[in-house]
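Architecture at a glance
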Amino acid sequence: MHAQSHEVDYKILGDGVQLVEIELDPQETVIAEAGAMVYMDDSILFETKMGDGSNPNEGFLGKLMSAGSRIFTGESLFMTHFTHQGQGKAHVAFSGPYPGTVIALDLKDHYNNEVIVQKDGFLCAAMGTKVSITLNKKIGSGLLGGEGFIMQKLQGNGRAFVHAGGTVIEKQLNNETLKVDTGCVVAYESSLDFDIQTSGGIKSMLFGGEGIFLATLRGTGKVWLQSMPIRKLIQAIAPYSKNSRKEGGSLLGEFLER
């Protein structure tokens, strides 16, 4: 049983580079990854705390164990809590670390009040949302695949927001199987079985250009895909940045090679 999440309102702004603006009533709180905030009203107080605050009665050791598990995903031990301390309405906005789309999820509308999200996809959520890690059941294939092994689980009965690269595609599987590039899975409902498998024969693995591993989702539930994972963007830019530097230097090339 999850604590009642704060009922925040929101607007998603922008097209190719989106951000989400959260509207808070007095004493309402939204939690976010460190560094995700873009702007906020003066009446909003922000504090960096250990953990997500979903269990206010949890002791220090419990908070440390819960928050510490996020280190495995490459995320911070701490999260930032933004609380409206004034009167009327106040606003705070968040965006992802690279261009993309914001997905709004109402967790109570999803299987078991939870959604599994790629390790760097979580952006912000209403206070009361539990943010933890989840491991792929197929440990061996997950390690071989390099992506999709460690993901984050968002649990609760309020709104959460996820950042995706490029265009978002939402698919509803009905006792079906979908194969996806491992980096293109943003989020999925926990009713789906997620696995990583080798793809094709040796020729396609070596020369096909589609990579050796594919994520496979089976069952009934929703999955959200992204058209441009940051990994692909970096791979596409890197060769040009090196060439540009050889031909006389480039600020972009120097930045990417640092």
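Right, let's walk through the structure included here. It should be emphasised that the depicted structure is a prediction, and the values quoted were computed from it without experimental measurement.

Quick notes on the rules
- Numbering of residues starts from 1 in every chain and runs along the sequence as written.
- It should be noted that, the model being predicted, local features are given only for residues of pLDDT at least 70 and side-chain atom pairs only at 80 or more, the latter also being counted only at that level, while totals for whole chains, interfaces and linings use all residues.
- No hydrogens and no water enter the side-chain calculation; it runs on all heavy atoms of the structure.
- Strands here mean DSSP runs of E at least two residues long; helices mean DSSP runs of H or I at least four residues long; both are numbered from the N terminus.
- Working definition: with a 1.4 Å probe on protein chains only, accessible area under 20% of the residue-type maximum means buried, over 50% means exposed, and in between means partly exposed.
- Whether two residues are in contact is decided by their heavy atoms, any of which lying within 4.5 Å being enough.
- Computed with a 1.4 Å probe, the accessible areas rest on the Shrake-Rupley method; for each residue, only the protein chains presented here act as cover.
- In the sections that follow, a salt bridge refers to a side-chain nitrogen of Lys or Arg positioned within 4 Å of a carboxyl oxygen of Asp or Glu.
- Pairing of aromatic rings covers Phe, Tyr and Trp, the last through its six-membered ring, and needs centres within 6.5 Å; plane angles under 30 degrees mean stacked, over 60 mean edge-to-face, and all others mean tilted.

This brings us to the overall build of the protein chain. Within the protein chain one finds five helices and 17 strands. The proportion of buried residues among the 258 residues of the protein chain is 45%. Taking contacts inside the protein chain between residues at least 6 apart in sequence as the whole, the part at least 24 apart equals 78%. Surface exposure of the protein chain reaches about 13,400 Å², of which carbon and sulfur atoms provide 55%.

This part covers the pattern of salt bridges. Scanning the model with the defined rule gives six salt bridges in all. Notably, a salt bridge pairs Lys222 with Glu170, separated by 3.4 Å at the nearest N-O pair. Placement of the pair is Lys222 in strand β17 (residues 213–226) and Glu170 in strand β14 (residues 168–181), with a sequence separation of 52 residues. Connected through salt bridges with shared partners, the residues Glu23, Asp25 and Lys89 form a single ionic network.

Bringing the packing of aromatic side chains into the picture now. Scanning all chains against the criterion turns up four aromatic pairs. Centre to centre, the rings of Tyr188 and Phe194 are 5.1 Å apart; their planes meet at 5°, and the pair counts as stacked. Its relative accessible area of 7% is what places Phe194 among the buried residues. In textbook terms, an aromatic cluster arises when at least three aromatic residues are bridged by ring pairs, as seen for Phe46, Phe82 and Phe94.

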